[in-house]
Amino acid sequence: MTAGVVAVKSLNLRDAPGGALVGSLDQGDGVEMLESKAGWTRIATLKAPARTGWVASQYLSQTVAAPSPAAPPPAAPPMPDDPAHPVTVVGGTAITPDGRAFASASKGGFYTIG
């Protein structure tokens, strides 16, 4: 199945190709194109109340789904501020290389925990 959109101001919805009028669609209405034959497309509307019927194919535009954005790469682990003294600060907490928190930051500097 293919997604589409009504490309004209108003589009008649019919019960069969060239058949009786059963409703109308507005420009920009989204549809699912179910099948096509002889210049007609059987559609299902995407907005409620959902309806199915036939429309003249020339008044539909096929839509292309945009690719979903790729997830950002994982963040690199924080690097020590000074390689000679490997302490990492994350969210205001000083962490040793083995992952233990030993100090917190405040406006006045660091203070030890425990």
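You'll find the structure just up there.
Residues numbered from 1 in each chain as written. Predicted model: local features only at pLDDT ≥ 70, side-chain atom pairs only at ≥ 80, totals over all residues. Heavy atoms only, no water.

**Student:** Which parts of the structure should I look at to understand the overall build of the protein chain?
**Tutor:** When helices and strands are tallied, the protein chain shows zero helices and eleven strands. Along the protein chain, from the amino end to the carboxyl end, the secondary structure elements read β-β-β-β-β-β-β-β-β-β-β. Of the contacts made within the protein chain by residues no fewer than 6 positions apart, 32% connect residues no fewer than 24 positions apart. About 7900 Å² of surface is accessible on the protein chain, with carbon and sulfur atoms providing 59% of the total. (Helix = DSSP H or I, 4+ residues; strand = E, 2+ residues; numbered from the N terminus. Contact = heavy atoms within 4.5 Å. Areas by Shrake-Rupley, 256 points an atom, 1.4 Å probe, with all protein chains shown as cover.)

**Student:** How should the pairing of strand β2 (residues 10-14) be read in this particular structure?
**Tutor:** If a strand is regular, its side chains alternate between the two faces of the sheet. Of the two faces of β2, only the one carrying L11 and L13 is buried; S10, N12 and R14 on the other face are not. Both β2 and strand β3 (residues 21-26) contribute to a ladder of five bridges, which runs antiparallel. Residue N12 lies in a different strand from β3, and its bridge partner there is S24. What sits between the antiparallel neighbours β2 and β3 is a turn of six residues, in which G18 has the positive phi angle 70°. (Buried < 20%, exposed > 50% of the residue type's maximum accessible area, 1.4 Å probe, protein only. Pairing = 2+ DSSP bridges.)

**Student:** What exactly am I supposed to notice about the nonpolar core here?
**Tutor:** Burial of nonpolar side chains together is a common tendency in soluble globular proteins. Ranked by size, the top nonpolar core spans nine residues in total: V6, L11, L13, L25, V31, M33, I43, V55 and L60. Of all the elements in the fold, those that place two or more residues in this core are β2 and β4 (30-37). Contact partners of I43, with chain neighbours within four places excluded, come to L13, L25, V31, E32, M33, L34, R51, T52, G53, V55 and L60. (Core = buried A, V, L, I, M, F, W, Y, C linked by side-chain atoms within 4.5 Å.)

**Student:** Would you mind going over the side chain of T45 with me for this structure?
**Tutor:** Structurally, T45 is set in strand β5 (residues 40-45). On the basis of relative accessibility, which here comes to 9%, the residue T45 falls in the buried class. Here the side chain of T45 touches R51 through a polar contact of 2.7 Å, landing on its backbone nitrogen. (Polar contact = N/O pair within 3.5 Å; in protein donor to acceptor, adjacent residues only side chain to side chain.)

**Student:** In this structure, what is going on with the environment of L25? I would like to understand it.
**Tutor:** Along the chain, L25 turns up in strand β3. Considered as a pair, L25 and L11 are 14 residues apart in the sequence and their alpha carbons are 5.1 Å apart. If we skip the residues at most four places from it in the chain, L25 touches V6, K9, S10, L11, V31, I43, T45, R51 and V55.

**Student:** How do you make sense of the environment of G91 when you look at a structure like this?
**Tutor:** The residue G91 is located in the loop between β8 (88-90) and β9 (93-95) in this model. Owing to a relative accessible area of 82%, G91 belongs among the exposed residues under this scheme. For the pair formed by G91 and S104, sequence separation is 13 residues and the distance between their alpha carbons is 8.9 Å.

**Student:** Sorry, what's going on with the pairing of strand β1 (residues 2-6) here?
**Tutor:** Two strands pair when backbone bridges link them, and β1 and β4 are joined in this way by four bridges, in the antiparallel orientation. Its bridge partner being in β4, T2 is matched across the sheet by M33. The pairing of β1 with strand β7 (residues 60-62) spans three bridges and is antiparallel. Bridge pairing in β7 places V6 opposite L60.

Shape is all these values report; function is a separate question.
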